[in-house]
Every structure is written in structure tokens, then in C-alpha cells.
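Structure at a glance
Spelled out from the first residue to the last, the chains are:
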Amino acid sequence: MCASIHYRDDEFLGRYAAVTGACVIQHLEQLAASLKGARVVHVNSTREGGGVAEILQKLIPLKKALGIDARWEVIEGTPAFYACTKSFHNALQGMDIRLSDKLLEAYEETNARCAERLKPILEQADFVFIHDPQPAALLKHFPERRGQWIWRCHIDVRQPFRPVWKYLRPFLSAYDASIFSLPEFAQPLPHPQYIIAPSIDPLSEKNRDLPDAEIEKVYDRFDLDPERPMVLQVSRYDRFKDPVGVIRACRMAAKLTPLQLVLAGGEASDDPEGQAVLEEVRQQAEGHPDIHVLLLPADAHRTINALQRAADIVIQKSLREGFGLTVTEGMWKGRPVIGGDTGGIRLQVFNHYTGFLVRTPEGAALRIRYLLHNGRLRRQMGERARRFVLDNFLITRHLREYLTLLVSLQA
Ligand code: UDP
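What comes next concerns the included structure. Quantities reported herein were computed from a predicted structural model and do not represent experimental measurements.

1. Focus on helix α14 (residues 375-392)
- Across its 18 residues, α14 extends 26 Å between first and last C-alpha, which sits within 8% of the 26 Å expected from 1.5 Å per residue.
- What α14 keeps buried is the set L377, R378, M381, G382, A385 and V389. Down the axis of α14, the smallest arc covering the buried residues is 130°, so these residues share one side. Facing away from the buried side of α14 by more than 90 degrees, the exposed set consists of R376, R379 and E383.
- Check the buried side of α14 and you find it contacts β10 (313-316), α11 (325-332), β12 (355-358) and α13 (361-372).

2. A short note on the site of the ligand
- Taken together, 16 residues lie near the ligand, and G51, R236, K241, G266 and E329 sit nearest.
- In the model, an oxygen atom of the ligand is placed 2.9 Å from a nitrogen or oxygen of the K206 side chain.
- At a separation of 2.8 Å, an oxygen atom of the ligand approaches a polar backbone atom of L325.
- Burial of the ligand by the protein chains amounts to 90% of its free accessible area of 540 Å².
- Of all elements in the fold, only α3 (51-65) and α11 reach the threshold of two or more residues within the shell around the ligand.
- No other element matches α11, which puts three residues into the shell around the ligand.

3. Here we look at the side chain of T303
- Mapped onto the secondary structure, T303 falls in helix α10 (residues 301-310).
- Excluding anything up to four places from it in sequence, T303 contacts V218, R221 and F222.

4. As for the side chain of K206
- Relative to the helices and strands, K206 is located in the loop between β6 (193-195) and α7 (212-221).
- Overall, the relative accessible area of 6% leaves K206 in the buried class.
- Every residue in contact with K206, bar those within four places of it in the chain, is listed here: E54, H301, I304, N305, Q308, E329 and K333.

5. Thoughts on the packing of aromatic side chains
- Across all of its chains, the model carries 16 aromatic pairs by this definition.
- Taken together, a centroid distance of 5.9 Å and an interplanar angle of 35° make the contact between F88 and Y167 tilted. One end of the pair, F88, is in helix α4 (residues 79-92); the other, Y167, is in helix α6 (residues 162-173), and 79 residues separate them in sequence.
- Judged by centre distance (6.0 Å) and plane angle (85°), the rings of W151 and F180 are edge-to-face. Here the residue W151 occupies a position in strand β4 (residues 148-152), and F180 occupies one in strand β5 (residues 177-180), the gap between them amounting to 29 residues.
- Feature note: the residues F81, Y82, F88, Y107, Y167 and F171 constitute an aromatic cluster, connected by ring pairs.
- Taking the ring centre of W72 as reference, the NZ or CZ of R47 above it sits at 4.7 Å.
- Sitting over the face of the ring of F142, K119 holds its NZ or CZ atom 5.6 Å from the ring centroid.

Conventions and cut-offs
- Residues numbered from 1 in each chain as written.
- Predicted model: local features only at pLDDT ≥ 70, side-chain atom pairs only at ≥ 80, totals over all residues.
- Heavy atoms only, no water.
- Helix = DSSP H or I, 4+ residues; strand = E, 2+ residues; numbered from the N terminus.
- Expected span 1.5 Å × (residues − 1).
- Buried < 20%, exposed > 50% of the residue type's maximum accessible area, 1.4 Å probe, protein only.
- Arc of directions from axis to C-beta.
- Contact = heavy atoms within 4.5 Å.
- Near = heavy atom within 4 Å.
- Polar contact = N/O pair within 3.5 Å; in protein donor to acceptor, adjacent residues only side chain to side chain.
- Areas by Shrake-Rupley, 256 points an atom, 1.4 Å probe, with all protein chains shown as cover.
- Phe/Tyr/Trp six-rings, centres within 6.5 Å; stacked < 30°, edge-to-face > 60°.
- Lys NZ or Arg CZ within 6 Å of the ring centre and 35° of its normal.

Spelled out as C-alpha cells, the structure:
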């Protein structure tokens, strides 16, 4: 059907067509036709670190390539603002956290100040996507908005801590629509809710193919043993990612199977707890030469890519997870993933098929040993995992769903 469509491999969209097939790109162009020139603004609270920044870095250029006037704005706050929004994040993922009036004031003040700065842009926008709770209170400052405002929630809000949800709800209720990653995360809000799963960019530095020599370099660079099987978790240092549980699991597994664990993480500028969690992790790893705790700069995308390809197993033992791009990234590299049985990980890891779902360090240890003893199974699961990402979790599918949503909101 698409035989007559031709994209050149050296053109921006043509490079995507080479991965997904030309029909997929043509479909995006058809959907975008009525959105040409539409002003779409995305707002979040960090330009790097974490999944939201990772997605926006790729989504904006693609929207532009399709003729949409897309832009990305970042709000910046005081330490009290980040302390407050990190607590929101923890509370929305279920932790019992009381917020002082002072922190809530810092939240509202930062939003008021940023609303003032962004006024000329947001007032003109046809569509505004507000990512997560950090900038959610901006809308209050646009009582006469002309565009449609959509709240895009990336976190696991299955069971939010009620008092915090109650505080945020009036801000969120004013939106025209909201988007969650999974149906289970949808909330009683007085507007339409859409389910859109996140995605990875197959052409980014994080995910593109790499020469073998570049993959092999990571052994020397991080003092890893090329002969010893490698288990890898890439994550911000955040308790919901359970890095300490991963260390426990690997220590249990290593009693019977030789292995090395690499925990690779960096800092997100909007995450004030990272340093404390990193210290905890370093303490747990102390004295274990086969546990490598790496603190990487925010732009270490190729390094992470190489580590994921060097790994035998990718692990993401989160206790709560909105989606888990690191799972998708590992799967795209043909690695089986051992993932925490929670949130968006369940959408990607099909137990015994693309990897294993686990709940405890003991369960993870069992699966690590099982996979390290079964090279054939690792390869089979890895192949299925890559195929599953190709069909479901590439940025082209993500963009198609965003465009469909914009077209229907425009109608
Ligand atoms: N990431 C990174 N450097 C790090 C840690 C994470 O580039 O040190 C990237 C990781 O590769 C993934 C994203 O940040 O693309 C994390 O997204 P995920 O959905 O897994 O978790 P989040 O941080 O959003 O909770």
C-alpha cells in the first residue's frame, strides 16, 4: 500500500521512515495537516534528567517537522518550590506526606511568577500541555485563556495520598482534558481523560545503534569486568526506583552466580532528594567490588546506551512507576528486563515473555540467576522485547496519539 511513498533517508522524517516504514510517517503527515501552524506549548520543570525531559527533547522537533509551531518552556523555582513538588510527587505515588503552608505558598508563588513571565507565550497558544504537578497551578493565572489546556500526568497516581490530591484537585479540575499513561491512573476529574503511553526515540543518542568498539569501551572506562555477566539499572537516585533493593537482590544472586551490578544514575535539577539517596546507595555498596555505583552527567546519553547494550540483563525494580522509559530503552536493545510489578512496567514487561515481573529482592535474585543460566532464553526474550517496543513504544506511535487528540480537541 505504501510502495509509492518515498522518503529520503537523509531527511529528518525519512530517517524515522527507515525504522518504522513510510506508511507510519505518512499517516503522521495526514493527521498533522489540519494542525499546520497551530501553536502548541509544552511546559515542565526541568530541561534534563528524568523521563519527561527525555520525551520533550524529541517530541518538539518532530512536531515542528510536521509543521506545528511547537515549543517547550521550563519553569524554575526556589529550593522550597522543589521541596514542595518532590513531596507532591511522593504523595501522589502514595506516600503519607504532610505539606506545610510555607511550602504550599512557595509552590503557588513560583507558579504565579512563571505565569507572569510566560504570559505572552501561553496567552497566544492554541494548546498548552502542562506536564506533572510542578506547573499545574499556572492555569489559575489565565482566567480568559483562548487555547485549550491539557494536564499531562506522568506519575503513578493509582492511589494518591488523599490530602495532597485534595489540595491539587481544584487546580487540575480547571483543565480542558488530562492525559495519563495507564487506565488505572485516571482520576475523578470533571473533564475528558485520555490514556497515552510514553515512548522512546529510536534515533536519539540514547537509543541508536552503536559500533561494538564503543560498547566495549565502557568496560575500561568504568572498571568493569568484560568476562563477568552484567546486571544494569539506570535511574535517578530515587527511593521509588528501589536501588537498595537491587543491591540486595544482586548480593543474594551473586552468592551462587558470578555477576556484576551497575547502578547508573544522575541528578534531575528538580529532584532535591537525589544526593541523600545516592549516599544511602553508596553505603550499601561499600566493600563490594562487583557493585558499581555511577553518577553520570545529564547528557551521558551515549554512555547509557552503551551500558544498556553491554548489559546481560536490564533491571528496573521500581516500587511505583508512571511508565519507566529505562525499561523501554533496555527492551529496544534486545535485553530481557526484570521489572518491579507496578505501574507502567506492567505495560511493557510481560512475565516470562519479554522479561520478569518481581515484587521483592528475593524474587529479583531468583530471576537474575535463572536468566544468567539461560543464554538462549535471554536472547529469545530480548528479541521479543525489541519487537514489542517497535510495535508499541516508539515516538511515532506517541506522536500519532497526540495528534489524534489535538485534532479531536480542535473539532
Ligand atoms: N536517565 C538519564 N541519566 C540518568 C538516569 C536516567 O539519562 O542518570 C534517563 C533514562 O535513560 C530515561 C529517563 O532518564 O530515559 C528516565 O525515565 P523513566 O521514565 O525511566 O523515569 P523517571 O526518571 O521519569 O521517573
